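Inside the fold
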Amino acid sequence: MAASSVARIAYLASDVVVDSRPCLPAQSSFASSYHALSKENNNSKAVFSLPFGADPGLTLSRHSAAGLISYTASSQPRLFNRLVAHLTDLSRTPVVFHIAIEDDLTDVLVLRSSIPFVLYSRTAEEAHDNALLASRLARLERKPILHAFVNLQDSVEEVNEDEVISYLLKESQATVTGHVLPLEQYTPALYHSYLAVAAVTAAFVKRPLRALTEHGSPSPHTVIFALGRLRIDSNIDGILFVDLTLLNPLPASELLKHVPSSTSRVIVVEQVRNWSTKWTPLYLDIVSAVQQSEREEFPAIYSAILEDGASLQPSDVTSLIQRAHSEPTSTRLRLGGLSPAPTKATTEAPHVPKHESSYLKILSQLFGDRLEVSNSPGLVPSQGPLATTPEFALGRIRGDLEQRNELIDTVKNLLQTYVSPKLHQVLSKWMLAKDDPVKSGQLGEDIVKALTSEDAYNPAIQKILSLQRHFPSLSRWIVGSDAWSYDLGASGLHHAIASKMDVNVLVLDTTPYSSRNVADPSRRKQDVGLYAMNHGDVYVASIAVYCSYSQVLQALVEADKFNGPSVVLAYLPYQSEDTPALEVLKETKLAVDAGYWPLYRWDPSKEAKGEEPFVLDSDAVKNDLQQFLDRQNHLSQLVRSKPELASEIVGSLGETVKEARRKKAQQSYQDLLTAIDAPPLLVLYASDGGKAEKMARRMATRGKMRGLSTSVSTMDSISLEDLAKEEYVAFVTSVAGQGEFPQNGRTFFKALNAAVSRGDKLFDKLKFTVFAMGDSHYWPRPEDAHYYNKAGKDLDARLLRLGGERVADLGLGDDQDADGPETGYKVWEPLVWKVLGVDAVEVHEAEPEPITNEHIKAASQYLRGTIAEGLQDTTTGALAASDTQLTKFHGIYQQDDRDIRDERQAQGVEPAYSFMIRVRMPGGVCTPEQWLVMDQIADEHGNGTLKITTRQTFQFHGVIKRHLKKAIQDINRALLDTLAACGDVNRNVITTALTSLSKIHQQTYEFAKAVSSHLIPRTTAYHEIWLDKKMVAGDAVKDFEPLYGEFYLPRKFKIAVAVPPLNDVDVYANDLGFIAITDEKGELAGFNVSIGGGMGVTHGNKKTYPRAGTVIGFCTIEEGCLVAEKIMLVQRDNGNRQDRKNARLKYTIDRMGLDRFKAEVENLLGYNLQPARAFEFDRNIDDFGWIQGDDGNHHFSCFIENGRVQDEPNGDFKTGLREIAKIHKGSFRLTSNQHLIVSDIAPEDVPTIRDLLVKYKLDNVNQSGLRLSSSACVAFPTCGLAMAESERYLPILIDKVEKICEDNGLRNDSIVMRMTGCPNGCARPYLAEIAFVGKAPGSYMMLLGGGYYGQRLNKIYRDAVTEPEILAILKPIIKRYALERLDGEHFGDFVIRAGYIAPTESGMTWWDRAGGEGEWRETAV
């Protein structure tokens, strides 16, 4: 049998095997083979058997690092639809999908477009050989393979087991893996890889393996491409048959080889009877291939469906060709048994396994005619296949209950009108007994009889008669399998539990106790019982019919009586329908006695009566528990030795719990009384930065403290239909970009706009008010003023147009007010309370303190938090919000792809979360071996690129959560780490990459490493979480932070070491700077100390500003580490922990005063710093090209635009650096300007390195001075703070500004231009001569006048400009600069001298005189 042969190869070739079982009673075609092979090989392979309905993609993704994975299954449409969602994650995983089909390929071809290699086998022999080929190909190329085969009973000559592994591991070169190929080369490369592996496989099995096989006429007039079991034994004159084994990749050139020039007609015959779209998959490929040919006349191409290929005769083919001759090419033909088009036949009811019918029989016996199984298989013929799903059943029950409530209301209304005494009596009796299981039905029949003698035209009577089927009180059940428990949300089980409806759910668990470990251990079932009990209002029971029949009856009766949702977990262990009852009994007893399946009942309604809600029914478990309690343990000894104390403890325990419950109930009752007269308030918010969310949550909390029933959520979480049902709603929104809605409110606002355009009046009962948050100075120009709080204003207008009633005036919060948006909020909030009638309520309870970063740090147990637990949570690609603050200390930022954020939100899925990892690498020096590891990590765990940052280190982007730990472990294996690369600690210490002074560089590099090591956090959390407590070197240290304490620093702390005359590190942009001073002999004597630099700003907030550092003295090399420590400690103890926007060292210094801050530092040192010594900077850009150091070694500085190391059309930079690293004997130096130096090249190695630089175009430093001096941060799509493009846009802008420079003879003149996507200043824009800081997509704040060597801050020239405005502004300034500059005058100095901009004297005056000077001044800033 083909399936057993494929199963054998899958087992022998793979590291992990996953098999999906079909719907019962069918059995897996592969399971028996796996069972036998596992027995023979002592379970040496991991084989996971998944139940029908389970998502296999989750299991495959979890084992993606295991090696080769084989997945086997029979063709099922539902299965493939689930797999499609995971194929992107599996795109670099060696996995073979072996799919057994009957005679139709429709379902399996859904996957074809998403998988690079697709094979098709017509015979069992082909299935065996292609299974081998697919396994080797997947291992070699590390890509998924789809192998579809017809499951025939043919005999197969199989290869020896011992030879399979040697065949798979036979050395060969991968064609595609690790290479980034142009699109036009990708398919041929894949095809070449297939051919190479097919040749090896053919030699191994001694049978030919071809992608396309042809037989028939050598000069045909008709070519028939066959995909399916088309078998014609005899040749037909003029016809060539081409059978396809390879469906992907299928190069056009290969297809055309089988279409000779004599061909006038091509017929594409495919066995896809159920294909729903117009064009079949192979047909389109062949049409495309023929159209690419250089023929003068194209053959006519027809599509045909193969009905039954096994019984074809030559006459059938002749008839097909005749029909093609008379039909247009758009007609779809049929071959083999021209059956009529499939009609919608009555769907057969699913089979109910005989063992499971035992529970259904019990339900039927207990409840008789009252029983309604809402997802009964009997509904399928009339309702369709979805009738058995829990979602359908729950909706059906909800509809029935709503109709029954409608019946009750109608009966009530009828009783209030005049009816006959007899009818009144029977209606009244039914109202009293409507929930009685017996009387309700009997009385309902009496009512129907009585109604027939009443006024037939009474609408209430007519309505009751139409709803008469709802008179009986039914016992409504939903019956399902344990597959529901793998995903409580997706299965619909959660909705049933949370519905509060009177519905009963019976979940059957059929996993035998002896087979419990066969399932995927990482894909565990959720504890449905515990989950349901945590809801507090759900009846839960665990039963087993083969253990305690009476307990089953008791539980089912109690579930039926319970007024609310009930979940009954029923154990019924069996492998197949052939499993004897004795085996089921044995497995049940094992599971119950071992405690694997405890029998219990949980009835929350008993708690209100003072009874115990939980009853344990497992005798074996109860006996063990009783024995434990009866032991003479230490507690018993305490009772004897101190009876008074012990009796008080033991005796009062129950009373204490009861008292606590009583108080809680009393409090709930008081809360109910308080809120009974107050209307409910819904608070909806839209927020990107979190400020509007905090304000909304605070308002909801204050509402609760005033006795209101309040709830709070995002705007996108509510539909317009649900909003129309609300009475009082308060909206709180901030603004994004140019008056746009924040991300979590955009879908809602689009829906509002659509409703307005239709002229709907949805909100006739809605009473609303809006509070909008914005910055009136963010858009200072008069023509842009309408962007201020535009989102809130638009929302207010739309709600009014849709019929809503504004009950409190629109509130406007302005960041420019004294208290920011709080000023406007304090006016608006009382208006809301007045409308709701709670303005006079006195609130005595203190408001809960908002959770800040300081709370998170203090509660984190030295940076642990719940990071480890979050990494194990596979239900989301994200970590908890609090943990994302802590992971920064570990060098990790959580991000998502903002390019597709809207698309994913529209799809109803979470953002495409990934993580950025930053390496801690003091001084920016790494070895070639470390470079190769970083390169490998980028490919295996990241997005395939390396980012060189302005902090002289590597960043990896696009690392998904399940790769996070492995990536960090790989970094540590390279003797690097990520600890303290981010967070409120000292970060990566950077130093000047001055290659000409090799000795000085080595000394400053060692100093940078010493400072970094001295200030590193001492917590062991990093090693516990990421390295499994395995230290890189040395022994584990105790958790104690001698420098940071449990709160760490108020904000980040940055240190730079500069070596004059080069200031490439922008030493004045750092919290602490060390400026190297040499003595008269050229030796390093020590450092001038600069403090208080920092770049971060908040748009429009004049309490924030950039600041250039101030030199306060000189220290020796030996004193440096201690000086750094004491400066950091003063900041630790005096920094602003209340407001993170004002927490950096620069604000601490300006608040305390420079002299006082310096005095505090010197007090901790115990001595005064020496006076600063003379030095001079002349530039802050890198020196590109070849440089020889004073030690004789050579260095080459590569231009890496914006630090992104990747293969591009202009040059394979990443590949080139990898090749250099393989032979380089020196080191690599990363610069703070995001470039790279291939350093310490011995003279004899220069020619080899030079050749590689030329080959990979890494020697191209012949760029303009402007481009060489530019820098940009990452921004979109990964940075969550970005407001505009930066890295992706700056090169485009430079192309245009570069042209202006060239036109004015300035191509080689250096002008420092920098760009960031937000005002945080990662690329140090506030020290650039020209800078652009993102405000909204396409809009930037423009700054001019920075010092060329980083000594002076620039100033805002225009508050918001677009590209045309940028070019219009720069063109005349650059032209004038070219004509009027003084000798040696730089652009930043010129714009000040020429009067365009005022110089910035200090950080605190940065906002002063912004907007230009004189005639160039902007009217409003």
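These notes cover the structure that comes with them. Here the structure is a predicted model, which is why all the values come from computation and not from measurement.

1. Looking at the overall build of the chain
- In terms of helices and strands, the chain carries 46 helices and 48 strands.
- Residue pairs at least 24 apart in sequence account for 74% of intrachain contacts in the chain once pairs closer than 6 positions are excluded.
- A total accessible area of about 62,000 Å² is found for the chain, and carbon and sulfur atoms account for 51% of it.
- Across the chain, the mean location of the 154 positive side-chain charges is 2 Å away from that of the 181 negative side-chain charges.

2. Points about the packing of aromatic side chains
- According to the stated counting rule, one finds 35 aromatic pairs in the structure shown.
- When the ring of Tyr539 is compared with that of Phe562, the centres are 6.2 Å apart and the planes differ by 40°; the resulting orientation is tilted. Of the two residues, Tyr539 is situated in strand E17 (residues 539-544) and Phe562 in the loop between helix H20 (549-561) and strand E18 (566-571); the sequence distance between them amounts to 23 residues. As far as burial versus exposure is concerned, Tyr539 and Phe562 are alike and both buried.
- Plain terms: the ring middles of Phe1184 and Phe1199 are 6.0 Å apart, the flat faces sit at 75° to each other, and that makes the pair edge-to-face. One end of the pair, Phe1184, is in the loop between helix H40 (1154-1165) and strand E37 (1185-1188); the other, Phe1199, is in the loop between strand E38 (1194-1198) and strand E39 (1204-1205), with 15 residues separating them in the sequence. Accessibility assignment for this pair places Phe1184 and Phe1199 in one class, buried.
- Taken together, the ring pairs connect Tyr513, Tyr571, Tyr596 and Trp597 into an aromatic cluster.
- In this arrangement the basic side chain of Lys45 is found over the ring face of Tyr11, its NZ or CZ atom lying 5.3 Å from the centre.
- Against the face of Tyr1377 rests Arg1381, its NZ or CZ located 5.2 Å from the ring centre.

3. A few points about the sheet that holds E39
- Strand order in the open sheet formed by five strands is E27-E28-E31-E30-E39, and the pairing between neighbours is antiparallel. At either margin of the open sheet sits one strand with a lone partner, and together these are strand E27 (892-896) and E39.
- Across the sheet, helix H34 (residues 928-940) lies against strand E30 (946-948), strand E31 (954-959) and E39, angled at about 20° from E31, the strand it touches most.
- Helix-sheet contacts for helix H35 (residues 961-973) involve E27, strand E28 (913-918) and E31, and the interaxial angle to E28 is about 15°.

4. Thoughts on the packing of helix H25 (residues 691-705) against helix H29 (residues 822-835)
- Two elements in contact, H25 and H29, have axes whose closest approach is 12 Å; the angle formed by their N-to-C orientations is 35°. Crossing of H25 against H29: the hand is right-handed. Taking contact as the criterion, the partners of Met695, Arg698, Met699, Arg702 and Gly703 in H25 are, on H29, Glu822, Tyr825, Trp828, Glu829, Val832 and Trp833.
- Among the residues making up the contact of H25 with H29, the classes are represented as six nonpolar, one polar and four charged.

5. Some points on the nonpolar core
- With 96 residues, the main nonpolar core has Leu60, Tyr71, Phe97, Ile99, Leu105 and Phe225 as its most contacted residues.
- If you look at the next biggest cluster of nonpolar residues, it comprises 95 residues, including Ile867, Ile971, Leu976 and Ile1241.

6. Overview of a negative patch on the surface
- Taken together, the side chains of Glu40, Glu161, Asp162 and Glu163 make up a negatively charged region of the molecular surface.
- Considering the arrangement of structural elements, one finds Glu161 in helix H6 (residues 161-168).
- By relative accessible area, Glu161 is classed as partly exposed at 33%.

7. With respect to the pattern of salt bridges
- Taken as a whole and judged by the stated rule, the model has 70 salt bridges.
- Between Arg697 and Glu693 there is a salt bridge, and its shortest N-O distance comes to 3.1 Å. Taken together, the positions of Arg697 and Glu693, both in helix H25 and four residues apart, correspond to about one turn of that helix.
- We classify Glu693 as partly exposed; its relative accessible area is 26%.
- When the shortest N-O distance is used, the salt bridge between Lys1299 and Asp1303 registers 3.2 Å. A residue pair is termed a helical-turn pair when its members lie 3 or 4 positions apart in one helix, as Lys1299 and Asp1303 do in helix H44 (residues 1290-1303) at four residues.
- Asp1303 sits in the exposed class, given a relative accessible area of 55%.

8. Looking at H40
- For H40, which comprises twelve residues, the first-to-last C-alpha distance of 17 Å matches the rise-based estimate of 16 Å (1.5 Å per residue) to within 8%.
- The complete set of buried residues in H40 reads Phe1157, Val1161, Glu1162 and Leu1165. With its buried residues spanning 135° around the axis, H40 presents them on a single face. The exposed set on the far side of H40, more than 90 degrees from its buried face, consists of Asp1155 and Asn1163.
- Of the surrounding secondary structure, the elements contacted by the buried residues of H40 are strand E35 (1084-1091), helix H38 (1120-1134) and helix H39 (1145-1152).

Calculation criteria
Residues numbered from 1 in each chain as written. Predicted model: local features only at pLDDT ≥ 70, side-chain atom pairs only at ≥ 80, totals over all residues. Heavy atoms only, no water. Helix = DSSP H or I, 4+ residues; strand = E, 2+ residues; numbered from the N terminus. Contact = heavy atoms within 4.5 Å. Areas by Shrake-Rupley, 256 points an atom, 1.4 Å probe, with all protein chains shown as cover. Lys, Arg positive; Asp, Glu negative; His and termini not counted. Charge placed at Lys NZ, Arg CZ, Asp CG, Glu CD. Phe/Tyr/Trp six-rings, centres within 6.5 Å; stacked < 30°, edge-to-face > 60°. Buried < 20%, exposed > 50% of the residue type's maximum accessible area, 1.4 Å probe, protein only. Lys NZ or Arg CZ within 6 Å of the ring centre and 35° of its normal. Pairing = 2+ DSSP bridges. Axes fitted to C-alpha atoms, helices over the stretch in contact; angles between N-to-C directions. Left-handed = near helix turned anticlockwise from the far one by under 90°. Nonpolar A, V, L, I, M, F, W, Y, C, P; charged D, E, K, R; others polar. Core = buried A, V, L, I, M, F, W, Y, C linked by side-chain atoms within 4.5 Å. Patch = residues over 30% accessible without salt bridge, like charges linked within 9 Å, V, L, I, M, F, W, Y side chains within 5 Å. Salt bridge = Lys/Arg side-chain N within 4 Å of Asp/Glu carboxyl O. Expected span 1.5 Å × (residues − 1). Arc of directions from axis to C-beta.

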